[in-house]
Amino acid sequence: MRPLREQLNLPARLTARSPAATLAGARPRPPAPAALALAGLVAAFATILACGTGPKDQPPAPLALPAPEPAADPAAVARGRALIETLECTRCHDVPGHEPAPLEKHCVRCHQDILAGKFPAPPGELAEWQRHITHLLDVPALRATDRFRRAWLADYLQAPHDLRPGLNSTMPRLPLGPAQAADLAAALAPTAEDPPPALRPSDRGRELLGSKACTLCHRFTGVPDIPPGKLPIDLSEPLLRRGLAQAPDLRHTRDRMRPAALVAWLRDPARHKPGTPMPTIPLQEAEAEQIAAYLLSAPLAPPPAAPPIERLPLLDRRVTWAEVEARVFKKTCWHCHSDPDFARGDGGPGNSGGFGFAPRRLDLASYPGISSGSLDDHGKRRSVFAPLPDGTPRLVAHLLARHAEAAGQTPELRGMPLGLTPIPLTDIQLVDTWIAQGRPQ
Amino acid sequence: MHRIVLALCLATTVLAAPRLADACGNTVRRIVDSTNESVRKAEFLLAQGNYKQAISTIRDEFGDRALAVHDGPGAQLHQRAQRVLAIAVVRSKGAVSIGPGLGGKTDAQRQAAIAWSVLTLRLRRAALDDRNVDCILDPTRCTNGEGDPHTNADLAEALALQPTGRAEAYRLLKDLGDRDLMPFAEGWALLAELGRERGDLEGAKKAVERCKQIASDNLKCDPSENS
């Protein structure tokens, strides 16, 4: 049992001194024996109150939850479904009712095939690629998305954040305005939300998150650590790996999930979304509700302040094209900003267009390519080295913007590499220095 | 001349054809495709200044198709192969032969090869601009920002070998320089030469400076320095 002082939320000094004396700032005198006896009686009485009958036995009031969302406007749903095609969501996600992207455009399946040794390529090349592939290995399928709140979906699509700490890539910031994001959210969650159950705040939910080993995979930032107990079911290692990678940070659950759907999901995830890495943990209805109540109502500490994003000073040594190409452009950028001559005119989404982006004609696969710039919003060629108003070269500003996105910000420039791990600041410093030195070939 | 007319007719056919379906095609595809390996090898030889071997590598892979306009699967690679031939001709001033009557010892052979190179690079610019026929002769009529800078710089290099093409070459390179889109050091060196020819000494000086910033030590940015 917690001490009475904590239950009443009283500061420590008030229990030793009367409120009046505290307010007057008087020096406390040593308590007389009679006073000590009286204090003991009061404390005992209060303890009884806290343990037994009285107001504390009343169940806490149900959580105040957002009003259920009505069914989406069918016209918005139709527009949203068209957007799924335009934005090429199927290049990464499986989406019911939409044909998967062909292998040569399917980022995730291509990577999976390479790792599985199934991709048609010479063994030597395959082995080299297998060593390099770290991103986009597993992405959640967009099934059972009716469990999400449309309002959250629309916000998230416009400003994706690090929802799944176990993945080293995030949902990319696609070219979406608020209206399009709302349409897409309508397509993903078209149905009316079920009325929420009467959930009551309870610390039991916190205990269950630990004892059912939920926190083995899930992080829950903003609440005190919850050590995971023993996993109550057998879980294969591949499934555990997928779970560790895809488990969302539970601090977002209150904005992200519809409460009734959350309870149903906790009880049997696979029934709603076959193939999900979230295992079915045996839970009573009441337990699922207690977990849901904790997820939806536990006090959250604010996220830690992001470290400042510093543009490092220029290096005082010579930087060559060979060095920046190897460290940055060929290592990271090339895959999406490729030479369109490589095959049938498509240089990847950053060159020939894709994911809803217009072709920018930016080829980062060679020195002449990068020197040839990219197309601006009006179709005019511009240098990617031209300084922005603050003096930062455009290319460097895009690389820095990805750090800002990773820190939860929504910078005006789109961060690059799109949705992937930010390029280390020391590598950006290298690019910055190379540009300042006149971009030696 | 009849060769150029024939090529223009073929080009019109090609540019009127429907656009190929896009495919991903990047680092993965290029290693799977053996033709690509040959083109890459030829590009490497070209960069080394080994023009004859670069040409024979392309001719071995493509045969006579290397000189003709081609559409269909592999069109992009074919264009890249033709660029190797065109630049080999330009950098050898027409001395290397890429086919019968195209390049060699006589002035007529050299001029024919240079004319072929100019035409090939004009067609490449149009092909890269969504097959925009209007873009063949006039870069301001290209839809994608006055044409691909790399191809424009290549074209300028070829045009500069024709007495009637030097003004156009200067315009192309000056535009690239003004917009900070010069794709390689040789472009700055040529801009300096053409600028000096036109009395733009200040522009020529700047072009030499940029060339020296970018170039490796073995490129002569300012021919007047050692004279």
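Residues numbered from 1 in each chain as written. Chains lettered and ligands numbered in written order. Predicted model: local features only at pLDDT ≥ 70, side-chain atom pairs only at ≥ 80, totals over all residues. Heavy atoms only, no water.

1. As for the overall build of chain B
When helices and strands are counted, chain B shows 10 helices and zero strands. Taken from N to C terminus, the helices and strands of chain B fall in the order α-α-α-α-α-α-α-α-α-α. Classification of the 227 residues of chain B by burial places 53% in the buried group. When contacts within chain B are restricted to residue pairs at least 6 apart in sequence, long-range pairs at least 24 apart make up 52% of them. By element, 54% of the accessible surface of chain B is carried by carbon and sulfur atoms, the whole surface being about 10300 Å². (Helix = DSSP H or I, 4+ residues; strand = E, 2+ residues; numbered from the N terminus. Buried < 20%, exposed > 50% of the residue type's maximum accessible area, 1.4 Å probe, protein only. Contact = heavy atoms within 4.5 Å. Areas by Shrake-Rupley, 256 points an atom, 1.4 Å probe, with all protein chains shown as cover.)

2. Structural notes on the overall build of chain A
Secondary structure assignment for chain A yields 19 helices and two strands. By sequence separation, contacts in chain A at least 24 residues apart represent 64% of the contacts at least 6 residues apart. Summed over all atoms, the accessible surface of chain A reaches about 22400 Å², with 59% contributed by carbon and sulfur.

3. Observations regarding the environment of B:Ile58
Residues and elements named next belong to chain B. Tracing the backbone through its elements, the reader meets Ile-58 in helix 4 (residues 51-62). On the basis of relative accessible area, Ile-58 is assigned to the buried category, the value being 0%. Separated by 91 residues in sequence, Ile-58 and Pro-149 place their C-alpha atoms 24 Å apart.

4. Let's talk about the state of the cysteines
Residues and elements named next belong to chain B. Per the counting criterion, the structure on display carries two disulfides over all chains. Shown here is the disulfide that connects Cys-135 with Cys-142, its sulfur atoms set 1.8 Å apart. Taking the torsion about the S-S bond as the criterion, the Cys-135 to Cys-142 disulfide, at about 75°, is right-handed. Put simply, Cys-211 and Cys-221 are joined by a disulfide, and their sulfur atoms are 2.0 Å apart. Because the torsion about its S-S bond is -70°, the bridge between Cys-211 and Cys-221 counts as left-handed. (Disulfide = S-S within 2.5 Å.)

5. Some points on helix 10 (residues 201-214) of chain B
With 14 residues, helix 10 of chain B should reach 20 Å at 1.5 Å per residue; the first-to-last C-alpha distance of 20 Å fits that figure. Buried residues belonging to helix 10 of chain B abut helix 17 (367-371) of chain A together with helix 9 (185-197) of chain B. (Expected span 1.5 Å × (residues − 1).)

6. Description of helix 6 (residues 107-115) of chain A
Residues and elements named next belong to chain A. Taken together, the buried positions of helix 6 are occupied by Cys-107, Val-108, Cys-110, His-111, Asp-113 and Ile-114. Looking at the packing, one finds that the buried side of helix 6 touches helix 7 (123-132). One or two positions beyond helix 6, positive phi appears at Gly-117, with a value near 75°.

7. Comments concerning the environment of B:His150
Relative to the helices and strands, B:His150 is located in helix 7 (residues 149-159). When sequence neighbours within four positions are dropped, the list of residues in contact with B:His150 reads A:Pro368, A:Ser372, B:Arg83, B:Pro183 and B:Phe184.

8. Observations regarding the packing of aromatic side chains
All names here are of chain A. Scanning all chains against the criterion turns up 10 aromatic pairs over all chains. Ring centres of Tyr-367 and Trp-434 lie 6.2 Å apart, and the angle between their planes is 85°; on these two criteria the pair is classed as edge-to-face. A residue pair is termed long-range when its members are at least 10 positions apart, and Tyr-367 in helix 17 and Trp-434 in helix 19 (residues 425-436) qualify at 67 residues. Classification of Tyr-367 by relative accessible area gives buried; the value is 4%. Following the ring pairs from residue to residue traces out a cluster consisting of Trp-321, Phe-329, Tyr-367, Phe-385 and Trp-434. Above the face of the Phe-355 ring, Arg-91 is positioned so that its terminal group lies 4.8 Å from the ring centre. (Phe/Tyr/Trp six-rings, centres within 6.5 Å; stacked < 30°, edge-to-face > 60°. Lys NZ or Arg CZ within 6 Å of the ring centre and 35° of its normal.)

9. Here's the deal with the environment of B:Asp60
Residue and element names in this part refer to chain B. Along the polypeptide, Asp-60 turns up in helix 4. Taking the relative accessible area as the measure of exposure, Asp-60 reaches 67% and is therefore exposed. As a C-alpha pair, Asp-60 and Ser-38 span 22 residues in sequence and 9.0 Å in three-dimensional space.

10. Observations regarding the pattern of salt bridges
The tally for this structure, following the rule as stated, stands at 33 salt bridges over all chains. A salt bridge links A:Glu88 to A:Arg91; the shortest N-O distance between them is 3.2 Å. For the pair A:Glu88 and A:Arg91, a shared accessibility class is recorded, and that class is buried. Overlapping salt bridges bring together B:Arg166, B:Glu193, B:Glu197 and B:Arg198 as one network. (Salt bridge = Lys/Arg side-chain N within 4 Å of Asp/Glu carboxyl O.)

11. Section: the side chain of B:Gln82
Residues and elements named next belong to chain B. Relative to the elements of secondary structure, Gln-82 occurs in helix 5 (residues 75-91). Given the relative accessible area of 9%, Gln-82 is considered buried. In this structure the side chain of Gln-82 is engaged in a polar contact, spanning 2.9 Å, whose partner is the backbone oxygen of Ala-66. Aside from chain neighbours lying at most four places away, what touches Gln-82 is Arg-65, Ala-66, Leu-67, Ala-68, Val-69, Trp-116 and Thr-120. (Polar contact = N/O pair within 3.5 Å; in protein donor to acceptor, adjacent residues only side chain to side chain.)

12. With respect to the packing of helix 3 (residues 34-47) of chain B against helix 5 of chain B
All names here are of chain B. Running from N to C, helix 3 and helix 5 point in directions that differ by 20°, and their axes come no closer than 10 Å. On the basis of the axis angle, helix 3 is roughly parallel to helix 5. Read as a crossing pair, helix 3 and helix 5 show a hand that is left-handed. Contacts between helix 3 and helix 5 involve Thr-35, Asn-36, Val-39, Arg-40, Ala-42, Glu-43 and Leu-46 on the former and, on the latter, Leu-77, Arg-80, Ala-81, Arg-83, Val-84, Ile-87 and Ala-88. In the contact of helix 3 with helix 5, the residues fall into eight nonpolar, two polar and four charged. (Axes fitted to C-alpha atoms, helices over the stretch in contact; angles between N-to-C directions. Parallel < 35°, antiparallel > 145°, perpendicular 65-115°, else oblique. Left-handed = near helix turned anticlockwise from the far one by under 90°. Nonpolar A, V, L, I, M, F, W, Y, C, P; charged D, E, K, R; others polar.)

13. Topic: unusual backbone geometry
The residue after A:Met416, namely A:Pro417, is reached through a cis peptide bond having omega 5°. Checked against the element boundaries, A:Pro417 lands in the loop between helix 18 (394-406) and helix 19. Phi at A:Glu88 takes a positive value of approximately 55°, unusual for a residue other than glycine. Along the chain, the position of A:Glu88 falls in the loop between helix 5 (74-86) and helix 6. For B:Lys93, which is not a glycine, the phi torsion comes out positive at approximately 55°. Structurally, B:Lys93 can be placed in the loop between helix 5 and helix 6 (107-128). Looking at B:Lys93, the relative accessible area reads 51%, which means it is exposed.

14. Thoughts on the confidence of the model for chain B
Residues and elements named next belong to chain B. With 84% of its residues at a pLDDT of at least 70, chain B reaches an overall mean of 83. Across residues 8-31 the pLDDT falls below 50, and counting only partners more than four positions away or on other chains, this stretch makes 62 contacts in the model. Our summary of model confidence lists the complex with pTM equal to 0.80 and ipTM equal to 0.77. (pLDDT = per-residue confidence, 0-100.)

15. Section: the nonpolar core
Membership of the largest hydrophobic core comes to 77 residues, with the highest contact counts inside it found for A:Phe329, A:Ile370, A:Trp434 and B:Leu173. Top contributing element to this core by residue count: helix 5 of chain B, with nine residues. Each residue touching A:Ile370, except ones within four places of it in the same chain, is listed here: A:Trp321, A:Phe329, A:Asp363, A:Leu364, A:Val384, A:Phe385, A:Leu395 and A:Trp434. Judged by nonpolar contacts, the second largest core, of 49 residues, contains A:Val95, A:Ile226, A:Leu250 and A:Met257. (Core = buried A, V, L, I, M, F, W, Y, C linked by side-chain atoms within 4.5 Å.)

16. As for the packing of helix 5 of chain A against helix 9 (residues 178-188) of chain A
Residue and element names in this part refer to chain A. For the pair helix 5 and helix 9, interaxial distance at closest approach is 7 Å and the crossing angle is 95°. In terms of their interaxial angle, helix 5 and helix 9 are classed as roughly perpendicular. Together, Ala-76, Val-77, Arg-79, Gly-80, Arg-81, Leu-83 and Ile-84 of helix 5 and Gln-180, Asp-183, Leu-184, Ala-186, Ala-187 and Leu-188 of helix 9 make up the contact between the two elements.

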